[in-house]
Amino acid sequence: MNEEFERAIEALRRAEHVVVFTGAGVSAESGIPTFRDDEGFWRRFPMDQFGTWRGLVRTAREEPKRLAEFVRCVIEPIAEAQPNAAHLAIAAAEASGVRLTVVTQNIDRLHQRAGSSTVFELHGSLYERCGGKRQPRGVVTTPQLQRICARLRKAERGWLPLLRTVLALRPILGIGLRGVYKPALVLFGDAMAQPAWSLSRRAAEGCDCLLQIGTSGVVYPAAMLPEDASLAGAKIISIDPEQQLADIWLKGTACEVVPRLFEAAFG
């Protein structure tokens, strides 16, 4: 056990309120690809075409088979993923009585499926639909997402790809009795999800320790949260294979470090 690890244990033990701030690196260990790494999604699917609603509409018109491929590649890993050891350790800490708030940039609901009850999703969720002004329009199940993927595969290969893609996406995108509905996701250019963003900033400003796990810290405004916490006097612990700006850096992946750290601090 090195000195940084011991410092992290002490910071967690002293904290009355812990915020766990997670990014794509946590979900990557459940088999969900990241977007920004060297081999991430934005290399394969350029951000200007696939990262905004306007770009997606243009791609649907000009390259419908490519759109079907992109949407399937986003949905399929999420529909097949299971919570990993890091998700489970975070949920177990909360269940043991630790005052713990999860703030995540991920859209996969793996924290909730692991058992975490206080989770703020900054970029929304693939499992929710919304209408105008982000009004809730119901939820989507994992079997529905799996069926969407099967239909998108046919759209990628078959004739009338745009029509097939539109029909495949009807559980999450279309027009219903209450108007247009779409996935409750935050794309580039969108405002952050509310009230998740306001509640996340309040939690960061009121915590004693913020644990930053698997996030590059370069995506704003989400990257403001560790800054908010630090300015309010909280200790910032970063868990990542690459060194991050923090009071304490623990080198490694979420599954390597989080269960061992939480067992030592709270077990």
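Everything that follows concerns the structure shown earlier in this document.
Residues numbered from 1 in each chain as written. Predicted model: local features only at pLDDT ≥ 70, side-chain atom pairs only at ≥ 80, totals over all residues. Heavy atoms only, no water.

Chemist: Outline the sheet that holds strand β5 (residues 136-139), listing residues and values.
Modeler: Ordered in space as β5-β4-β7-β6, the 4 strands form an open sheet in which the pairing is antiparallel. Every other strand in the sheet has two partners, leaving β5 and β6 (174-176) as the edge strands with one partner each. Pairs of neighbouring strands in the sheet enclose a mean axial angle of 40°, with direction left out of account. With 4 bridges joining them, strand β4 (residues 124-130) and strand β7 (residues 179-185) adopt antiparallel strand pairing. Bridging across to β7, Arg129 finds its partner in Pro183. (Pairing = 2+ DSSP bridges. Helix = DSSP H or I, 4+ residues; strand = E, 2+ residues; numbered from the N terminus. Axes fitted to C-alpha atoms, helices over the stretch in contact; angles between N-to-C directions.)

Chemist: Can you tell me about the environment of Arg201, naming the residues and giving the values?
Modeler: With respect to the helices and strands, Arg201 occurs in helix α11 (residues 196-206). Placed 21 residues apart in sequence, Arg201 and Ala222 show a C-alpha to C-alpha distance of 9.2 Å.

Chemist: Before we move on, can you summarise the nonpolar core with the specific residues and values?
Modeler: Core analysis: the largest hydrophobic core is formed by 32 residues, its most contacted members being Phe70, Ile75 and Leu145. Among the elements that take part in this core, helix α6 (residues 64-80) stands out by supplying 9 residues, more than any other. Contact partners of Phe70, with chain neighbours within four places excluded, come to Phe41, Trp42, Phe45, Phe50 and Leu56. Of all hydrophobic cores here, the second largest spans 30 residues; its members include Val18, Leu211, Leu250 and Ala254. (Core = buried A, V, L, I, M, F, W, Y, C linked by side-chain atoms within 4.5 Å. Buried < 20%, exposed > 50% of the residue type's maximum accessible area, 1.4 Å probe, protein only. Contact = heavy atoms within 4.5 Å.)

Chemist: Describe in detail the packing of aromatic side chains, supporting the description with residues and values.
Modeler: Within this structure, the stated rule accounts for 4 aromatic pairs. Geometrically, the ring pair formed by Phe262 and Phe266 is edge-to-face, given 5.3 Å between the ring centres and 75° between the ring planes. Here Phe266 and Phe262 lie together in helix α13 (residues 254-266), a separation of 4 residues that amounts to about one turn. Ring-pair connections join several aromatic residues into one group, and the members of that group are Phe45, Phe50 and Phe70. Over the face of the ring belonging to Tyr181 we find Arg129, whose NZ or CZ atom lies 5.3 Å from the ring centre. Taking NZ or CZ as reference, Arg164 lies 5.0 Å from the ring centre of Trp159, over its face. (Phe/Tyr/Trp six-rings, centres within 6.5 Å; stacked < 30°, edge-to-face > 60°. Lys NZ or Arg CZ within 6 Å of the ring centre and 35° of its normal.)

Chemist: Please provide a residue-by-residue account of the sheet that holds strand β9 (residues 235-240), values included.
Modeler: Strand order in the open sheet formed by 6 strands is β3-β2-β1-β8-β9-β10, and the pairing between neighbours is parallel. Since the sheet does not close on itself, it has two edges, and those belong to β3 (119-121) and β10 (248-251), each with one partner. Between one strand axis and the next, the sheet turns by 15° as a mean value, whatever way the strands run. Pairing between strand β2 (residues 100-104) and β3: 3 bridges, direction parallel. Looking across to β3, one finds that Val102 is bridged to Val119. Along the sheet, α11 makes contact with β1 (18-22), β2, β3 and β8 (209-213), crossing β3 at roughly 130°.

Chemist: Account for helix α12 (residues 224-231), with residues named and values stated.
Modeler: Side chains of residues three or four places apart in an α-helix project in the same direction, reflecting 3.6 residues per turn. Residues of α12 that are buried: Leu225, Pro226, Asp228 and Ala229. Angularly, the buried residues of α12 cover 155° about the axis, an arc narrow enough to put them on a single face. The elements touched by buried residues of α12 are β1, β2, α11, β8 and β9. At the C-terminal side of α12, Gly233 shows a positive phi close to 100°. (Arc of directions from axis to C-beta.)

Chemist: Could you give an account of the pairing of β8, naming the residues involved and the relevant values?
Modeler: Across the 5 residues that make up β8, a large majority, 5, are buried. Burial along β8 is two-sided: Cys209, Leu211 and Ile213 facing one way and Leu210 and Gln212 facing the other are all buried. Here β1 runs beside β8; their pairing, made up of 5 bridges, is parallel. Considered in β8, the bridge of Val20 is made with Leu211. As defined by bridge partners, β8 adjoins β9 across 5 bridges and the pair is classed as parallel. Paired with Leu211 across the bridge in β9 is Ile237. Running through α12, the crossover from β8 to the neighbouring parallel element β9 is right-handed. (Right-handed = clockwise from strand over helix to strand, strands pointing away.)

Chemist: An account of the pairing of β9 is needed here, citing residue identities and associated values.
Modeler: Of all the 6 residues making up β9, 5 are buried; the element is thus mostly covered by neighbouring parts of the structure. By the bridge criterion, 4 bridges tie β9 to β10 in an arrangement that is parallel. Within the sheet, the bridge partner assigned to Asp240 lies in β10 and is Lys251.

In short, shape yes, function no, at least from these values alone.
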